Amino acid sequence: MIDKTLPRACLGAAAAVALAAAGATAFVAGSASGATTALANRWYAAAPYLMPLDNDPPDPAAIMDATGLKAFQLAFVLAPNGGGCSPTWDGTAPVSSDTAVQSVINTIRGKGGDVSVSIGGYGGTKLGQACSDPASTAAAYQQVITKYGLHAIDFDLEEPEYENTAAIHNEIGAAKILQQNNPGLYVSVTTAGTADGTGWFGKQMLLEAKSQGFTPNNFSIMPFDGGFNGAASQTSALTNFNSILQSTFGWDQATAYAHEGFSGMNGRSDTGEIFTQADFQTVLDYATGHHMDRFTFWSLNRDRQCSPPDNGGRTSGTCSSVAQNSWDFAAYSVKFAGATPPTTPPTPTPTPTPTPTSTSCKTAWSSSAVYTAGNEVSYGKHNWKAKWWTQNEVPGASQWGPWQDEGAC
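What comes next is a walk through the structure.

Conventions and cut-offs
Position numbers for residues count from 1 along each chain, tracking the sequence in the order it is written. Predicted model: local features are reported for residues with pLDDT of at least 70 only, side-chain atom pairs are reported and counted for 80 or more only, and whole-chain, interface and lining totals are derived from all residues. Neither water nor hydrogens contribute to the side-chain values; these are computed over all heavy atoms in the structure. What makes a nonpolar core is a set of buried Ala, Val, Leu, Ile, Met, Phe, Trp, Tyr and Cys residues whose side-chain atoms join them at distances within 4.5 Å. Think of it in three bands: residues with accessible area under 20% of the maximum for their type are buried, residues over 50% are exposed, and the middle band is partly exposed, with areas taken using a 1.4 Å probe on protein chains only. Labels follow the DSSP assignment, with helices taken as runs of H or I lasting at least four residues and strands as runs of E lasting at least two, numbered in each case from the N terminus. Should any heavy atoms of two residues lie within 4.5 Å, those residues are considered in contact. Here a strand pair is declared whenever DSSP counts at least two bridges between the two strands. Within 3.5 Å is the distance limit for a polar contact, defined as a pair of N or O atoms, with the added protein rule that one can donate a hydrogen and the other accept it, and that residues adjacent in sequence qualify only through two side-chain atoms. Two cysteine sulfurs form what is called a disulfide whenever their separation falls within 2.5 Å. Note: the arc covers the axis-to-C-beta directions of the helix. In this description, a line fitted to the C-alpha atoms serves as the axis of each element, helices being fitted only across the stretch in contact, and the angle between N-to-C directions of two axes falls anywhere from 0 to 180 degrees. Stacked, edge-to-face and tilted are the three classes for Phe, Tyr and Trp ring pairs, Trp counted by its six-membered ring, which pair at centre distances within 6.5 Å; planes under 30 degrees apart are stacked, over 60 edge-to-face, the rest tilted.

## A short note on the nonpolar core
Of all hydrophobic cores here, the largest spans 94 residues; its most connected members are Phe-72, Ile-153, Phe-155, Phe-219 and Phe-295. Take this core: its biggest share by element is seven residues, from helix α9 (residues 231-249). Ignoring any residue separated from it by four or fewer positions in sequence, one finds Ile-153 in contact with Ser-116, Val-117, Ile-119, Tyr-141, Ile-145, Leu-178, Leu-185, Tyr-186, Val-187 and Ser-188.

Below is the structure:
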């Protein structure tokens, strides 16, 4: 997710396949402050990204009512912009004193939904870069889990952090510690996608996870901003990434798919790729057909039509740049979770038609007056301008006459 400003418990192979096929049972994190009964893991796997403090945040309650969506992936927790190993929202708002995001979470939970929190992303300084080791990195993230009573967390490991070996060691080590200390915690790891699955740094991240004995619920790739062209190129990348998971961890194909996820970008990507609703449907069919563990996208802030529509001419953090109804793309997450979206999609709010500015009428035309070029009069509730000398020639009487129609008045 390049432009973000416009951006499990360890399972055995057999258990992972069963989880992907049937969904996981819910749990209650009784030690976490404000914890609620968790949703089924399939919902956390389907949670689209939402920036609650930036990019014109949409009302999650309205999205839930319109689509049936229950889970949201809130982004992003980072290290403080001024330095330090403590969690903040977007590098500026300390989690410890937060009330704004907590209010968003309360709204979602009040309607029967829940949230996951995503750490990292493309911009800012990550905690894995700022903290000294996996234990201190995990301690910072544990503050987030405890404050919000989380049942799910996402490690979004991409540029430039995933090029830093020490930072990735800290992040993967922290994920393992959190997984051990929060039984049942749904953990996803998201990284860049390429045509062959993921690039060199993504493969090194997987090897780091293998060396630490860490297995999340899924490793998700983002097949966009890398020369992709529609759904076929994305499903090809997912197939290739499956082979990478098999060779790295020694899994068979089904087990690899049970630990694989897709994280797309709706509409126009940062590099000008276009992904439509039809593309999302194709990838959704691939994901469900192969029993993949996760299907999400960046972002709900963008899941609405630009006003005025720009037909893919720009990438925005607040709209998709493709023709759509509001929350069209969220409906695919709902389907992945196993629910049925409303049969009648919400109608986008029409762009108001500008009310023409009223034009006052000029002095009324007179049959006896003499007019020369440029003189203006009103006749028949229209204004008229003389093209040459004229007298007693009715405005509009002849197409070739001396009067030029200037419009209604």
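## Focus on the pairing of strand β5 (residues 114-120)
Counted residue by residue, β5 has seven buried out of seven residues, so it is predominantly covered. The pairing of β5 with strand β6 (residues 152-156) spans four bridges and is parallel. Each bridged residue has a counterpart across the sheet, and for Gly-120 the counterpart in β6 is Asp-156.

## Observations concerning the environment of Asp-252
Within the element layout of this structure, Asp-252 appears in the loop between α9 and α10 (253-258). Judged by its relative accessible area of 46%, Asp-252 is partly exposed. Separated by ten residues in sequence, Asp-252 and Asn-242 place their C-alpha atoms 9.4 Å apart. Among the polar contacts listed, one links the side chain of Asp-252 to the side chain of Thr-255, at a separation of 2.7 Å.

## Overview of the state of the cysteines
Using the criterion set out here, one finds three disulfides in the structure. Here Cys-85 connects covalently by a disulfide to Cys-131, the sulfurs 1.9 Å from one another. Torsion about the S-S bond of the Cys-85 and Cys-131 cystine: about 95 degrees, corresponding to right-handed handedness. Taken together, the residues span a long stretch of sequence, with Cys-85 in the loop between β2 (71-78) and β3 (88-89) and Cys-131 in the loop between α5 (127-130) and α6 (134-148) at a distance of 46 residues. The exposure class assigned to Cys-85 is partly exposed, which follows from its relative accessible area of 31%. One disulfide bridge connects Cys-306 with Cys-319, the sulfur atoms lying 2.0 Å from each other. In this structure the cystine formed by Cys-306 and Cys-319 twists about its S-S bond by roughly 90 degrees; its chirality is therefore right-handed. In this pair, Cys-306 sits in the loop between β12 (294-298) and α12 (330-337) while Cys-319 sits in the loop between β12 and α12, placing the two residues 13 residues apart along the sequence. Classification of Cys-306 as buried rests on a relative accessible area of 3%.

## A word on helix α4 (residues 100-110)
Residues of α4 that are buried include every one of Val-101, Gln-102, Val-104, Ile-105, Ile-108 and Arg-109, and no others. Across the axial projection of α4, the buried residues extend over an arc of 155 degrees, all falling on one side. Where α4 is buried, its residues touch α3 (60-67), β2, β3, β5 and α6. Positive backbone phi, at 85 degrees, marks Gly-112, one or two positions downstream of α4.

## Digging into the sheet that holds strand β15 (residues 382-386)
Paired through backbone hydrogen bonds, the strands of a sheet run either parallel or antiparallel to each other. With respect to topology, three strands assemble into an open sheet ordered β14-β15-β17, the strand pairing being antiparallel. Edge positions in the open sheet fall to β14 (376-379) and β17 (403-408), since each of these has one partner strand only. Pairwise comparison of adjacent strand axes, ignoring direction, gives a mean angle of 30 degrees for this sheet. The pairing of β14 with β15 spans four bridges and is classified as antiparallel. Each bridged residue has a counterpart across the sheet, and for Ser-378 the counterpart in β15 is Asn-383.

## Here's the deal with the packing of aromatic side chains
By the definition in use, this model includes 20 aromatic pairs. Ring geometry for Phe-76 against Trp-298: centres 5.4 Å apart, planes inclined by 25 degrees, an arrangement best described as stacked. Of the two residues, Phe-76 is situated in strand β2 and Trp-298 in strand β12; the sequence distance between them amounts to 222 residues. Since its relative accessible area comes to 3%, Phe-76 is described here as buried. On the accessibility criterion, Trp-298 (0% relative accessible area) is buried. Between the aromatic rings of Phe-280 and Phe-295, the centroid separation amounts to 6.1 Å while the plane-to-plane angle is 90 degrees, which identifies the pairing as edge-to-face. Taken as a pair, Phe-280 in helix α11 (residues 277-289) and Phe-295 in strand β12 lie far apart in primary sequence, 15 residues in all. The exposure class of Phe-295 is buried, given its relative accessible area of 0%.

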